[in-house]
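What the coordinates show
As a plain string of letters, each chain reads:
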Amino acid sequence: IQTNSKSRITLSNITVSGGYYGINIDNGYYTFINEIKINHTGNAGIYVGSSSSYSTVRNNEISSGMNGIILSGSGSNNIIRENTIRDNSSDGINLSSTNSVVIDTNTIYNNTINGIDVVGSKYNYLFGNTIYSNVGNGLLVTSSSETNTIYNNTIYSNTKGIRLESSSNYNSIVKNVIRNNDTR
């Protein structure tokens, strides 16, 4: 499913299997993606890119693709909430050059690289997520990702719990439960 330069789109109660993207939103505003099962995609189950803003990705099950959810390309004010993201061959959630995103109450596990990867993104709020059994990091913050708030997450049984690198400064990490990771 692909939309380009569309606003106020609702996608709900659909099953998507295969394809490069399960759902691809470019230059979209106020898109609502809810209760969709997505599996076996080539790049991402859900891709929100090219300045897409004010989108909500909620209560979806995304599995067995390359990445679960990718937000990329200068969009802002998006919400990723109450999704189950598992068994992907790269990241569960990848934020790239995306600001002011809320990522909360997701269950993210068994991804081959990272549970959540925040790359060059600022002013994001990550809270209440359960992130476990990812081969790489539970949460990676990298490439000058700054002023992000990481609060009240449960992160366990990953290679590393939370990793900050590459000039990622001024981030707040508060009241998280981080346990049983191989390296902290």
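Each remark here, short or long, concerns the structure printed above.
Residues numbered from 1 in each chain as written. Predicted model: local features only at pLDDT ≥ 70, side-chain atom pairs only at ≥ 80, totals over all residues. Heavy atoms only, no water.

**Some points on the environment of glutamate 35**
- Along the chain, glutamate 35 turns up in the loop between β5 (32-34) and β6 (37-39).
- Residue classification places glutamate 35 among the partly exposed residues on the basis of a relative accessible area of 38%.
- Sequence spacing of glutamate 35 and glycine 73 is 38 residues, and the spatial spacing of their C-alpha atoms is 25 Å.
- Those residues in contact with glutamate 35, other than ones at most four positions away along the chain, are Ser12, Asn13, Ile14, Arg58, Asn59 and Asn60. (Helix = DSSP H or I, 4+ residues; strand = E, 2+ residues; numbered from the N terminus. Buried < 20%, exposed > 50% of the residue type's maximum accessible area, 1.4 Å probe, protein only. Contact = heavy atoms within 4.5 Å.)

**A word on the pairing of strand β19 (residues 137-142)**
- By the criterion of burial, β19 is predominantly enclosed, with six of the six residues buried.
- The pairing of strand β16 (residues 116-119) with β19 spans four bridges and is parallel. Among the inter-strand pairings, isoleucine 116 is bridged to a residue of β19, identified as leucine 139.
- Pairing of β19 with strand β22 (residues 160-164) involves four bridges; the strand directions are parallel. (Pairing = 2+ DSSP bridges.)

**Some details on the packing of aromatic side chains**
- Per the counting criterion, the structure on display carries five aromatic pairs.
- Seen from their ring centres, tyrosine 30 and tyrosine 54 are 5.0 Å apart, and the 10° between their planes marks the pair as stacked. Taken together, the residues tyrosine 30 in the loop between β4 (21-26) and β5 and tyrosine 54 in the loop between β7 (44-49) and β8 (56-58) connect sequence positions 24 residues apart.
- Ring pairs connect the aromatic residues Tyr20, Tyr21 and Tyr47, which therefore count as one cluster. (Phe/Tyr/Trp six-rings, centres within 6.5 Å; stacked < 30°, edge-to-face > 60°.)

**Focus: the nonpolar core**
- Within the largest apolar cluster, 29 residues are counted, with the highest numbers of intra-cluster contacts made by Ile46, Ile69, Ile93 and Ile116.
- Listed by contribution, the elements that provide at least two residues to this core are β4, β7, β10 (67-72), β13 (93-96), β16 and β19.
- Apart from the residues lying within four places of it in its own chain, the contact partners of isoleucine 46 are Ile23, Ile33, Ile38, Val57, Asn60, Ile62, Gly68, Ile69 and Ile70. (Core = buried A, V, L, I, M, F, W, Y, C linked by side-chain atoms within 4.5 Å.)

**Considerations on the sheet that holds β5**
- Strand order across the open sheet formed by eight strands is β2-β5-β8-β11-β14-β17-β20-β23, with parallel pairing between neighbours. Single-partner strands in this sheet number two, and they are β2 (10-12) and β23 (172-174). Ignoring strand direction, the axes of neighbouring strands in this sheet form an average angle of 5°.
- Sheet topology note: the strand β11 (residues 79-81)/strand β14 (residues 102-104) ladder contains three bridges and is parallel. Each residue of the ladder has a partner; that of isoleucine 80, found in β14, is isoleucine 103. (Axes fitted to C-alpha atoms, helices over the stretch in contact; angles between N-to-C directions.)

**Description of the pattern of salt bridges**
- Across all of its chains, the model carries five salt bridges by this definition.
- A salt bridge links aspartate 87 to arginine 86; the nearest nitrogen and oxygen atoms lie 2.7 Å apart.
- A relative accessible area of 30% places aspartate 87 in the partly exposed class.
- Among the salt bridges present, the one from arginine 163 reaches glutamate 165, with a minimum N-O distance of 2.9 Å.
- A cluster of three or more residues bridged by salt bridges with shared partners is formed by Glu61, Arg86 and Asp87. (Salt bridge = Lys/Arg side-chain N within 4 Å of Asp/Glu carboxyl O.)

**What to know about the sheet that holds β13**
- On the basis of which strands lie adjacent, the open sheet formed by eight strands has the order β1-β4-β7-β10-β13-β16-β19-β22 and parallel pairing. The two strands at the open ends of the sheet, each matched to only one other strand, are β1 (2-4) and β22. Taking each pair of neighbouring strands and ignoring which way they run, the sheet shows an average axis angle of 5°.

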